[in-house]
Amino acid sequence: MVAVRALSDAKTFPLGVTPEQFGAVGDGVTDDTLALRAAITGAGNGGVIVFKPGATYLLTGALTPRQGQTWNGNGATLKRAAEVKTTTASAIVKNVNGQTITLSSVTGFSVGMDVTVFDGATSSTADNYNHRITALNAGAKTITVDTPFAIDFPSGGTVIRSFSQIDTTRTGTNVPDVTIKGLRFDGNQAGNASLQWWWVNNEILAGGDRLKVLDCYIVNAQAEAVQCGGIGIEISRNWIKDCQGNGIHLSAATGGSNQARITGNYIKNCNLSGTLTGHADGCIVLSNLVADTLVDGNYCENGIGGVSSINSNDNSDITIANNTIRNCTQYAIGGLTSNDYVQNLIIEGNRCYSSGYIYLYSGGSPSAGVGPRRFIVRGNLLVLTWIKALKCYDGVISGNNIYNVGDTTNNAVEVTSCQGVVVQGNNIVGGNRNIVVTGTTNSKEVLVTGNRCRDAYNQGIALFDDDMVDCAANDNLVTVGSAFSPATSYVGIMLGNGSTADGNRIDIGKNTSGHYGIQCPNGGTNTLGAVVQNNIIRTLSSVPSIRLFGGAQNNIVDHNFIVQAISRGADGAQPNTVSNNVTIY
C-alpha cells in the first residue's frame, strides 16, 4: 500500500517531489502506477515532480497531472506494461455509471488499472474511452469501472488494459498549465499487439491551455505519440519515432488548438498500423478546431503525410514553415477534404522530398464562395513533390524550386477549378507538365507569370480546358534541352479558349515532328480563342513555332518573333487574325 500524503499545494515541497518518496521503484519491472499517482497528488497544484535519471517506471494505467504542475523527466522512462485481456461473460450497457462486468478471467487485472472494450474481432469498434477499475471480485470474476461506456457490447467482447500514459482528459475537464519535459516514453508495441486506437492508447493525451511538451523522447507509440489541444500550447524539440498512429495531433477531441507552436520536433516512422488506429494522417496532424498556429522547423519522415489533415472550416491563419519532409506516401503538406472555408494559410521555406503533394483541396466550389482562400505557397524546395490547388481562390504560388526529373506522370504545379490564383517566379524542372491550369467551367483569373519551366514531358505550360476566361501565361521561360526526350506531342505552351500568352520565351532544343512552340485552341463562332502576342519562339526545323488547328477560329496571333513557320490549317467560319509576326533567324 502506497502512503499518499495529503498536500494542498506546491509550497510544501518547493523544490519538488520524487516518485521514490511515494514508493516508486523505477526498475521497469515493478508496477509504479499507484506510486506515481500518489506523487502527483503529493506535489499538488503548481508542484514539481523530479524523476530519477535512468529510472524506468512501469505503468498499468494513466497518469493525470494536476493544474500547473511541471514534470522534470531527467531522461527517466515511462513504460507501458504488456497488455492483459480477456472476454466478457456479460453484456455491457452504454451510459451506465459504476457498471459491474463479469469476465471470463480476472487474472492480471487489478484495482486502479484502466481498461476499454472492443468487439472481439476488430479494434475499429472499440469504445472511445478508458475506464478505471474501482473494484474487483476474484471469486465472482467481476470488475467495476468508474465511467460509463459509449457503446453497447454483447457478451463475448474483449476487455483489454488500455490507457494513454499521460491523460489530462479522463475526468472530462482539461488541465491547464502543465509542463512535461525531458521524459522518455516507451509504448511497448511488442507487448501490446491487440489494440491501436487513437482515442484510448496514446502516449500523451493532453488537453489544457498553455500545455508544454518539451525535449521528450517518445518511441513505439501504441497509437499517437502526442494528441493535444488548448490555447497557447507548445510542443517543441521532441524526438518521436515508430508510431502506430500519428506523431503529433492537434485534435478537437482534446478541445482544439489556438495559438499553438509546434517547433523543432524530429518525427520519423508514423502510421505504421495504416488505418487501424482510426485516425491515420501523418507525422503532424492539424485536424479540427486548429487556428492561429505555427508549425516550424520540424523534421518529418515516413508517414502518410508530413503536415496534414488541414480539413476543417476552422483551420485558418496557419503558418507551416521551414520544415523538412521526406518519403511521405500521400501529402507533404495539406489534405483538405470538405466544403471548407479555410483561409489565410502560409506554406513557405519547406524542403520536401518524395512526398506526394503540397495539396490544397476542397470539395466545394469557388463559384459558390466555398474553398480555401487567401493562401500563399512560396519559397519551398520540392524534389519529386508537387503542388496542387483544387477549388481554391485568391492564392499565390511563388518562388518555389521544384525538381521532378524523371517524373512523366505528375504535374509539378496544378491549378484546377480555381479563381484568382497567381503562379509566379517558380523554377521548375521535370514533371508531366511544369504548370497546368485546368477546370472546364471554374478556372478564372489565373495568372502564370515569370516562371522558368524546363524539360516537362508533355507541356511546359498548359491552360488546358475549353474555358480559360481571363487566364494568362505571360513572361515565362519554357525550354527543352537537347538531351531530354519529351513526348512526341510536346507543346511549350498549350492554350485554352479565352486565354492569353504574352511575352514568353520558348526554346525547344529537340527537333521532333509533332512538337510545337505554342498551340492555339479551337475557338468558335461565338467563342474567343486565344491571344498570342509578343512571344519569342525558337524551335528547330521540324517544330513549328505556333500551331493553329484546321478549323480553329477567333485566335489572334500577333507580333511574335519566330524561327519556324506557323502551322495553320484552313480557318473556320470566324477566321483567325495572324499578323505582324517576324521570322528572326
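This write-up is about the structure you can find in this document. All figures in this text were calculated on a predicted structure; none of them were measured in a lab.

What follows covers the layout of surface pockets. Its volume calculated, the largest pocket comes out at about 400 Å³. Lining the largest pocket are 21 residues, and of these Asn128, Tyr129, Asp167, Thr169 and Arg170 sit closest to its centre. Per-class residue counts for the lining of the largest pocket are nine nonpolar, nine polar and three charged.

For the rest of this paragraph, the subject is the pattern of salt bridges. One pass over the structure, following the stated rule, counts 13 salt bridges. Here glutamate 203 and arginine 80 are joined by a salt bridge, their closest N and O atoms 3.0 Å apart. With glutamate 203 in the loop between strand E14 (184–186) and strand E15 (204–207) and arginine 80 in strand E5 (residues 77–80), this pair connects stretches of sequence that are 123 residues apart. By the burial criterion, glutamate 203 is buried, and arginine 80 matches it. The closest approach of N and O atoms between aspartate 177 and arginine 210, which form a salt bridge, is 2.5 Å. Of the two residues, aspartate 177 sits in the loop between strand E12 (166–167) and strand E13 (179–181) while arginine 210 sits in the loop between E15 and strand E16 (212–214), which places them 33 residues apart along the sequence. For aspartate 177, a relative accessible area of 27% translates into the label partly exposed. Its relative accessible area of 43% is what places arginine 210 among the partly exposed residues. Overlapping salt bridges, with partners in common, bring together Arg37, Asp114 and Arg132 in one network.

It is worth spelling out empty space enclosed by the protein at this point. All chains considered together, the criterion is met by one cavity of 30 Å³ or more. Here the largest cavity is characterised by a volume of approximately 40 Å³. Lining of the largest cavity is provided by Arg80, Glu83, Ile160, Arg161, Asn192, Leu195, Asn201 and Gln222.

Looking now at the sheet that holds strand E7 (residues 100–102). Taking strand neighbours across the sheet as the criterion, the six strands line up as E6-E11-E8-E9-E10-E7 in an open arrangement whose pairing is antiparallel. Both edges of this open sheet fall to strand E6 (85–87) and E7, since each of them pairs with a single strand only. Between one strand and the next, the sheet's axes are offset by a mean angle of 40°, whatever the strand orientation. Across four bridges, the pairing between strand E8 (residues 114–118) and strand E11 (residues 158–161) is antiparallel. Bridge pairing in E11 places valine 117 opposite valine 159.

This part takes up the state of the cysteines. Evaluated as defined, the whole model comprises zero disulfides. Its sulfur unpaired, cysteine 300 is 4.7 Å from the next cysteine sulfur, which belongs to cysteine 283. Note on cysteine 300: relative accessible area 0%, which makes it buried. Looking at the unpaired cysteine 418, the closest cysteine sulfur is the one in cysteine 392, lying at 4.6 Å.

The next point concerns the packing of aromatic side chains. Per the counting criterion, the structure on display carries 11 aromatic pairs. Measuring from ring centre to ring centre gives 4.0 Å for tryptophan 239 and tyrosine 266, while their planes differ by 20°; the resulting arrangement is stacked. A residue pair is termed long-range when its members are at least 10 positions apart, and tryptophan 239 in strand E20 (residues 239–241) and tyrosine 266 in strand E24 (residues 266–268) qualify at 27 residues. An aromatic cluster of at least three residues, connected via ring pairs, comprises Tyr331, Tyr357, Tyr359, Tyr361 and Trp386. Directly above the ring of tyrosine 353 sits arginine 326, whose terminal nitrogen or CZ lies 4.1 Å from the centroid. Sitting over the ring of tyrosine 357, lysine 388 keeps its end group 5.6 Å from the ring centre.

Take the pairing of strand E32 (residues 331–334) next. Relative to E32, strand E29 (residues 305–308) is paired through three bridges, and the arrangement is parallel. Across the sheet, residue glycine 305 finds its bridge partner in E32, namely tyrosine 331. In this structure, E32 lies alongside strand E34 (residues 351–361), joined through three bridges in parallel fashion. Residue pairing across strands places isoleucine 333 opposite isoleucine 358, the latter belonging to E34.

With that settled, consider unusual backbone geometry. Of note, the phi angle at asparagine 95 is positive, near 65°, even though the residue is not glycine. Turning to its location among the elements, asparagine 95 is positioned in the loop between E6 and E7. By relative accessible area, which is 60% here, asparagine 95 ends up exposed. Unlike most non-glycine residues, glutamate 445 shows phi in positive territory, near 55°. Inspection of the secondary structure puts glutamate 445 in the loop between strand E42 (433–438) and strand E43 (447–449). Assessed through its relative accessible area of 53%, glutamate 445 is described here as exposed.

Attention shifts here to helix H1 (residues 33–43). Counting buried residues in H1 gives nine out of 11 residues, a clear majority hidden from the surface. By the burial criterion, the buried members of H1 are Thr33, Ala35, Leu36, Arg37, Ala38, Ala39, Ile40, Gly42 and Ala43. Positive backbone phi, at 75°, marks glycine 44, one or two positions downstream of H1.

Here the focus is a nonpolar patch on the surface. A surface patch of nonpolar side chains, amounting to about 420 Å² of accessible area, comprises Ile536, Phe561, Val582, Ile584 and Tyr585. Topologically, valine 582 is positioned in strand E59 (residues 582–583).

Conventions adopted
- Counting starts from 1 at the beginning of each chain's written sequence and moves along it residue by residue.
- Reporting of local features is limited, given that this is a predicted model, to residues whose pLDDT is at least 70; pairs of side-chain atoms are given and counted only at 80 or more, and all residues count toward the totals for whole chains, interfaces and linings.
- Only heavy atoms go into the side-chain values, all of them from the structure, while hydrogens and water stay out.
- Cavities and pockets were defined on a 1 Å grid built from protein atoms only: a cavity is a group of points that admits a 1.4 Å probe but offers it no way out, a pocket is an open group of points flanked by protein on both sides within 12 Å along at least five of seven lines, and a lining residue is one with an atom within 4 Å of any such point.
- Grid points are joined across faces, edges and corners, and a volume is the space filled by probe spheres set on the points.
- Residues are grouped as follows: nonpolar covers Ala, Val, Leu, Ile, Met, Phe, Trp, Tyr, Cys and Pro; charged covers Asp, Glu, Lys and Arg; every other residue, Gly included, is treated as polar.
- Note on definitions: salt bridges are taken to be side-chain nitrogens of Lys or Arg within 4 Å of carboxyl oxygens of Asp or Glu.
- Strands are runs of DSSP state E lasting at least 2 residues, helices are runs of H or I lasting at least 4, and numbering of each runs from the N terminus.
- The buried label applies to any residue whose accessible area, calculated with a 1.4 Å probe on protein chains only, is under 20% of its type's maximum; exposed applies above 50%, and partly exposed to all values in between.
- Only strands that DSSP links by at least two bridges are regarded as paired with each other.
- To get an axis, fit a line to the C-alpha atoms, keeping to the stretch in contact for a helix; angles then go from 0 to 180 degrees between the N-to-C directions.
- Here, a disulfide means two cysteine sulfur atoms that sit within 2.5 Å of each other.
- Ring geometry is summarised as follows: Phe, Tyr and Trp rings, the Trp one being its six-membered ring, pair when their centres sit within 6.5 Å, and such pairs are stacked at plane angles under 30 degrees, edge-to-face over 60 and tilted between the two.
- Cation placement over rings: the criterion is NZ of Lys or CZ of Arg within 6 Å of the ring centroid and within 35° of the ring normal.
- Patch membership is restricted to residues that have no salt bridge and whose relative accessible area is over 30%. Joining uses 9 Å for like charges and 5 Å for the nonpolar side chains Val, Leu, Ile, Met, Phe, Trp and Tyr.
- Accessible areas in this description were obtained via Shrake-Rupley with a 1.4 Å probe; residue shielding takes into account the shown protein chains only.

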